[in-house]
Amino acid sequence: MIPESYDTIDCDVLVIGAGGAGLRAAVAAGEAGCDTVVVTKSLLGKAHTVMAEGGIGAALGNVDPRDNWGVHFADTMLGGQLLNNWRMVEIFAQEVIDRVYELERWGGLFDRTPDGRISQRAFGAHTFWRLAHVGDRTGLELIRTCQDRAVHTPNVTVHMEYTLTTLLKDGDRVAGAVGYRRNDGSFVVFRAKAVVLGSGGWGRMYKHTSNSWEGTGDGAALAYRAGAELLDMEFVQFHPTGMIWPPGARGILVTEAVRGEGGRLYNSLGERFMETYDPKKMELSSRDVVARSIYKEAQAGRGSPHGGAFLDVRHRGAEYIKKRLPSMYEQFHALASVDITKEPMEVGPTIHYTMGGVRVAPETGATTVPGLYAAGEVSGGLHGANRLGGNSLGDILVFGRRAGEAAAAEVAGRVHAAVDERQVEAEQRALLAYLDPHEEGENPYLLHEALQEAMQDDAGIARTEESLTRSLHAIQELCERAPRMRVGGRRILNPGWHTCRDVVNMLVISEAIVRSGLERRESRGSQWRLDFPDLSEEQGKVNYVTYDGGDGMRIRALSREPIPQRLQRLVDEELALRAVTTIPVRPDQRIEGPAVAAAGREA
């Protein structure tokens, strides 16, 4: 098989991914004067950013003036079970306020308070009403605004429906990427002086997920194969409320805004079971706690008919529901023939987000490979063991901008490296091998199904050493079979061919999840080990790093840098506050004493 010719596209900064992180990075690099190219596997505007429906967590203090960045810092650290990179959290909590107002200046729309300021709503484990929002379509509005800004920024161009399959190296430094156009399969080489990953997370290796077809972990797999380190890969977030019926809708997200607007969870006995698991925060407890609670109710035989729980918001009234939760009203009506103003929703945990990702420097988003940056869900460190709802949209704005600016600063004065034809040829041969008509091989779709079985059943919401080991063995067997994947047809509009590399990437990420999960012998955040049900003081001092050891994947412990006293004080103060009250409660509904908790839940 003879490698083919390819087109070469030069740029200063190559941004992989066109979600919020990628677009914010592209705007920053473009505004710095860099020739910036954005490449997306899908279409511009179709990104998982739109799945973040509830709002942007930012301590604006518009609804409750007691809020400030310090409380947001403490909430995020406590939500992440203190495994977060404290410097990332500090930067995030301080800068996300400016990023929200920047988005507003760019034309972003928000719901308003009666006096005209950006409105904010309650969300799980946030002390105060903090999420700036527009109905339950905040992510969609963010991507619309960033998209409009990017296409009107000089020096930024966008290439849609391209799959990039490997990063080019010049010595130890990243120098571009190789890939192909998805419509005709023609090969393309991007020469770049710096590369920013803004490609999002992964969930398609699980059966039940809110992720669409793009969520195969391409960016993290590219980085890993280029020599970058991955961090906290064991932490995969099960959002507590995904649709579970009908089967075709299983996994689709039911926004946390439903609970933020007063939605209540019930089991099949009609019991409001969160009173048992978190009587203070109830349905607004952190996502890991609520997801486990639903799982436990179902395991105890008190689940809904299809193995979940009932989420009921009818007490808010039809007019309120249609105004505040229009997408949810339409989603259940269209997909399940359920009128949520008259019937409860049937919900259950679904894979939604990944806290782990490429290890980066807090200030710049620089990875451990020169010339390579990462921002947003593809990177790790900000969210620790569990992400608070509402922190993902702020993450992509804050660190997308920082990564774009850092990449732009680095490329000044640099020249393009020459393309290493051996790397291009090797990648072409690997991709074309899947189309070899002379060989019969493995079906990529069946390998994908087998991987989903192994991850959902044995590396899911509840794990043990036995189940994780079983999952690892299944992944290793699939890794041996993967090089034999073959599909028919040509490269033109061939989804089977695209799936082959998707499967390879998902196997890399799945192995990292399982190996890291085996090393963390405790239950913390989204990592729930039935054989190690408690927190471990020793394990709380380390993050686990995944790297290529040359002869295979390796995991090592990285000692966590202690939180400075000036920031530890903020955490201690928040813990003291939580010991005496339960919030959030709006200032106009504030009631002193024990009634505070009830008022907060009913708001």
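Cut-offs used in this document
Residues numbered from 1 in each chain as written. Predicted model: local features only at pLDDT ≥ 70, side-chain atom pairs only at ≥ 80, totals over all residues. Heavy atoms only, no water. Buried < 20%, exposed > 50% of the residue type's maximum accessible area, 1.4 Å probe, protein only. Helix = DSSP H or I, 4+ residues; strand = E, 2+ residues; numbered from the N terminus. Pairing = 2+ DSSP bridges. Salt bridge = Lys/Arg side-chain N within 4 Å of Asp/Glu carboxyl O. Contact = heavy atoms within 4.5 Å. Axes fitted to C-alpha atoms, helices over the stretch in contact; angles between N-to-C directions. Parallel < 35°, antiparallel > 145°, perpendicular 65-115°, else oblique. Left-handed = near helix turned anticlockwise from the far one by under 90°. Nonpolar A, V, L, I, M, F, W, Y, C, P; charged D, E, K, R; others polar.

Caption draft 1: Here's a closer look at the pairing of strand S7 (residues 162–170). Within S7, seven of the nine residues are buried, which leaves it mostly tucked inside the rest of the structure. Judged from the eight bridges that link them, S7 and strand S8 (residues 173–181) form a sheet pairing that is antiparallel. By the bridge assignment, Asp170 is partnered in S8 with Arg173. Hairpin remark: S7 followed by S8, antiparallel, with two residues in the connecting loop; positive phi at Gly171, about 70°.

Caption draft 2: Molecular detail of unusual backbone geometry. For the bond running from Trp245 to Pro246, omega is 0°, close enough to zero to count as cis. Mapped onto the secondary structure, Pro246 falls in the loop between strand S11 (236–243) and helix H6 (257–260). Here Leu82, not a glycine, exhibits a phi torsion of approximately 65°, which is positive.

Caption draft 3: Structural detail: the pattern of salt bridges. Counted according to the given criterion, the structure contains 52 salt bridges. Measuring nitrogen to oxygen at the nearest pair gives 2.8 Å for the salt bridge that ties Arg191 to Asp10. Separated by 181 residues along the polypeptide, Arg191 in strand S9 (residues 187–197) and Asp10 in strand S1 (residues 7–16) bring together distant segments of the chain. Exposure remark for Asp10: the relative accessible area of 33% places this residue in the partly exposed category. What emerges from the salt-bridge pattern is a single network uniting Asp67, Asp75, Arg130, Glu574 and Arg578.

Caption draft 4: Seen up close, the sheet that holds strand S15 (residues 357–359). The strand order across the open sheet formed by five strands is S17-S15-S10-S18-S19, and the pairing between neighbours is mixed. On the outer flanks of this sheet lie strand S17 (379–380) and strand S19 (553–559), each paired with one strand and no other. Taken together, the seven bridges between strand S18 (residues 542–548) and S19 define a ladder with antiparallel strand orientation. Paired with Tyr544 across the bridge in S19 is Ala557. Packing against the sheet, helix H15 (residues 495–519) makes contact with S18 and S19, and its axis sits at approximately 50° to S19.

Caption draft 5: Spatial organisation of the environment of Gly496. Here Gly496 shows up in helix H15. The buried category is assigned to Gly496, whose relative accessible area is 7%. Sequence-wise, Gly496 and Pro444 are 52 residues apart; in three dimensions their C-alpha atoms are separated by 7.1 Å.

Caption draft 6: Looking closely at the packing of helix H14 (residues 465–481) against H15. For the pair H14 and H15, the least separation of the axes is 9 Å and the interaxial angle reads 155°. By the criterion of interaxial angle, the relationship of H14 to H15 is roughly antiparallel. Our pair here, H14 against H15, has a crossing hand that is left-handed. Contact with H14, carried on its side by Glu465, Leu468, Thr469, Ser471, Leu472, Ile475, Gln476, Leu478 and Cys479, involves Leu507, Ser510, Glu511, Val514, Arg515, Gly517 and Leu518 of H15 and no other residues of that element. Class assignment for the residues of the contact of H14 with H15 results in eight nonpolar, five polar and three charged.

Caption draft 7: Looking closely at the sheet that holds strand S14 (residues 345–354). What the four strands build is an open sheet, ordered S11-S14-S13-S12; its pairing is antiparallel. Looking along the sheet, the strands with just one partner apiece sit at the ends: S11 and strand S12 (264–266). The average undirected angle you get between the axes of adjacent strands in this sheet is 45°. With three bridges joining them, strand S13 (residues 309–312) and S14 adopt antiparallel strand pairing. Of the residues in S14, the one forming a bridge with Leu311 is Met345. Docked against the sheet, helix H8 (residues 287–299) engages S11, S12, S13 and S14, running at close to 60° with respect to S11.

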